[in-house]
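Chain by chain, the residues run as shown.
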Amino acid sequence: MSSAENPILIVESLNKVYQGGFEALKDINLSIRRGEIFALLGPNGAGKTTLISIICGIVKPSSGKVRVDGYDIIDDFRKTRSLIGLVPQELTTDSFETVWNTVAFSRGLFGKAPAPDHIERVLKSLSLWDKKDSMVMTLSGGMKRRLLIAKALSHEPNVLFLDEPTAGVDVSLRKDMWKIVQELKAAGVTIILTTHYIEEAEEIADRVGVINQGELVLVEEKQQLMQKLGKRQLTLLLTEPLNRIPEVLGGYDLELIEDNRQLRYTFDSAAQRTGITALLEDLKTAGVSFSDLQTSQSSLEDIFVDLISQPVRS
Amino acid sequence: MNLHGVLAIYRFEMARMKRTLLQSVVAPVLTTSLYFIVFGAAIGSRIQQVDGVSYGAFIVPGLIMLNLLTQSISNASFGIYFPKFVGTIYEMLSAPVSMLEVVLGYVGAAATKSLILGLIILATASFFVDLQIAHPLVMLAFLVLTTLSFSMMGFAIGIWADNFEKLSLVPMLLVTPLIFLGGSFYSIDMLPPVWQTISLFNPVLYLVSGFRWSFYEIADVNVGVSLISICGFLLLCYSIIWFIFKTGYKLRS
């Protein structure tokens, strides 16, 4: 059975209405494959944290079902929670405890017998071994972030939720974090991360979900999403600036940029005919010459901005 | 049953006691010694005996109860409030632990700490006065039931409180007056009749009276009534905590 046919997490018709009537989640349906890295994108307040908080048991759903490895999160909460590890967005740690003790505490809390070997392995993999006897309050922000991952991994979860794992961390640490995530994936852990850093999803995710105003706008393979929704652009560096686009070129999606010194043509990368050959011929006919050209593809960020700027269905 | 979870919470809380030894043990022992000096020596010189017991010895059960009640509430309320305050409560809420297991861990640790403290104060008191414990098992039963029920009360306060002021509001404005007016330092026979009647509505009176009976076989109210009262209070506190977890009150939105 493939991982798509036997998902590790299934969310069905999930709704959350907070006291006061705010609808945080609206009819969410989602299936997460075993062993994948799933990035949940969305602007602040979109419902990302509410969704993972419900799955982890921190927030109560208003309606709908969530199953983890076939177990219901309400009826079989012991089973589902023991399968899940959560790394919260905030650096919430027990400041007065040692690194070792706080990780050992997490393992016990999740119902696992003490396993010093496992904790040692986790701390070493996260470069925290030499800090094992240090008080948590003495750690740097980056170390605390890694400590939270160590705590979440202490009970050997099958599914790991990372809520904004690189929020407010520097570029170097962010890349370290991505490496850790890839290593966890290689070890068979399913990873669901929420982020509003598009490059994070672009860099490490297998699939991407976009949530906006409590609605799951789309779920797509990252590559397919970029192919399907991504626009490609051809930029021509003109020999002479143009005052306006010649009428003969009116049928193309063109715009003059950089003080009319460059001409940009936007086309659908998935289309059978891109129109580039015809455009070049028409440019020659119109007497427009150019000294250089380059093509580019829109990033996931462009796609994301496009998606969330569209009105959500009522 | 997630026994590892219960033990993890219990050990974590007990470790906090070790870290704050000065505040947890030394301070109450010092305060108790001061009570002996002030009440025992100063007032005791004017009140020679109460129901045939020297005044210094008479106030020992009351002093122990004073510390048990305040420390049980303080330990348990702070134990659960602090994770809420710093945000680490997310781990508890996302862990495979039931309400009973969380209560066993937190309340068990808070009650243990108070019990240890009660025994230390008892030992301290033996340096100041001649003590006799007529019914050690009854004394132990009162100690355990009191620490458990007031730790549960503290646990509920810790969940209810959303700032440090609220955390100390109930102990300061309700529990401390009840302790002082609950016969900790006097027998209600020493009060005018009206105040004797009013005192009977103070639940702490039953605790102190029963506990004192286990020492000297003297009591303001029947020891059976005292035991029933503390058992009833234990059930009430457990019901409140059950409600909190059932509804997710102040824990799960």
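Residues numbered from 1 in each chain as written. Chains lettered and ligands numbered in written order. Predicted model: local features only at pLDDT ≥ 70, side-chain atom pairs only at ≥ 80, totals over all residues. Heavy atoms only, no water.

Caption draft 1: Representation of the overall build of chain B within the structure. When you go through chain B residue by residue, the secondary structure sums to 10 helices and 2 strands. The linear arrangement of helices and strands in chain B, starting from the amino end, is α-α-β-β-α-α-α-α-α-α-α-α. Judged by the C-alpha coordinates and their principal axes, chain B covers about 60 × 35 × 35 Å. Within the span of chain B, comprising 253 residues, buried residues form 54% of the whole. Considering only residue pairs separated by 6 or more positions, chain B has 79% of its internal contacts joining residues 24 or more positions apart. Accessible area for chain B stands at about 11,100 Å²; split by element, carbon and sulfur atoms hold 72% of it. (Helix = DSSP H or I, 4+ residues; strand = E, 2+ residues; numbered from the N terminus. Buried < 20%, exposed > 50% of the residue type's maximum accessible area, 1.4 Å probe, protein only. Contact = heavy atoms within 4.5 Å. Areas by Shrake-Rupley, 256 points an atom, 1.4 Å probe, with all protein chains shown as cover.)

Caption draft 2: Spatial organisation of the overall build of chain A. A count of helices and strands for chain A gives 10 helices and 14 strands. For the C-alpha atoms alone, the extent of chain A along its principal axes is close to 80 × 45 × 45 Å. Each of the 314 residues in chain A was classed as buried or not, and the buried ones make up 46%. Intrachain contacts of chain A at a sequence separation of at least 6 include 69% that bridge at least 24 residues. Of the roughly 15,000 Å² of accessible surface on chain A, a fraction of 46% belongs to carbon and sulfur atoms.

Caption draft 3: Quick look at the environment of Phe128(B). Residue and element names in this part refer to chain B. Secondary-structure assignment places Phe 128 in helix H5 (residues 99-128). Spatially, the C-alpha atom of Phe 128 lies 23 Å from that of Leu 21, the residues being 107 residues apart in sequence. Those residues in contact with Phe 128 that sit more than four places away from it in its chain are Ser 33 and Phe 36.

Caption draft 4: A look at the interface of chain B and chain A. In this complex, chain B contributes 26 residues to the contact, which on the side of chain A involves 29 residues. In this assembly, chain B packs against chain A so that about 2,500 Å² is buried in total across both faces, 60% of it on carbon and sulfur atoms. Considering only the side of chain B, the residues that lose the most area to chain A are Tyr90(B), Glu91(B) and Pro96(B), jointly responsible for 26% of the buried surface there. Between Lys151(A) and Glu91(B) there is a salt bridge whose closest N-O contact spans 3.1 Å. Across the chain B-chain A interface, the total number found is 9 residue pairs in polar contact (both at pLDDT 80 or more). With 7 residues, helix H1 (residues 3-19) of chain B is the single largest residue contributor to the side of chain B that touches chain A. Partitioning the side of chain B that touches chain A into residue classes produces 12 nonpolar, 10 polar and 4 charged. (Buried area = accessible area lost by both parts, 1.4 Å probe. Salt bridge = Lys/Arg side-chain N within 4 Å of Asp/Glu carboxyl O. Polar contact = N/O pair within 3.5 Å; in protein donor to acceptor, adjacent residues only side chain to side chain. Nonpolar A, V, L, I, M, F, W, Y, C, P; charged D, E, K, R; others polar.)

Caption draft 5: Local environment of the sheet that holds strand E9 (residues 207-212) of chain A. Residue and element names in this part refer to chain A. In space, the 6 strands of this open sheet follow the order E6-E7-E8-E3-E9-E10, with mixed pairing throughout. One side of each edge strand has no neighbouring strand; the edge strands of this open sheet are strand E6 (84-87) and strand E10 (215-221). Ignoring which end each strand starts from, the neighbouring axes of this sheet average 15° apart. Here 4 bridges tie strand E3 (residues 37-41) to E9, and the two strands are oriented parallel to one another. In the strand pairing of E9, Phe 38 is matched with Arg 207. Contacts between helix H1 (residues 48-56) and the sheet are confined to E3, E6, strand E7 (159-163), strand E8 (190-195) and E9, with E7 contributing the most and set at about 150° to the helix. (Pairing = 2+ DSSP bridges. Axes fitted to C-alpha atoms, helices over the stretch in contact; angles between N-to-C directions.)

Caption draft 6: Structural detail: the confidence of the model for chain B. Chain-level pLDDT for chain B is 85 on average; 98% of the residues reach the 70-or-more range. Ranking the elements of chain B by mean pLDDT puts strand E1 (residues 49-50) of chain B last, at 76, and helix H6 (residues 136-160) of chain B first, at 91. (pLDDT = per-residue confidence, 0-100.)

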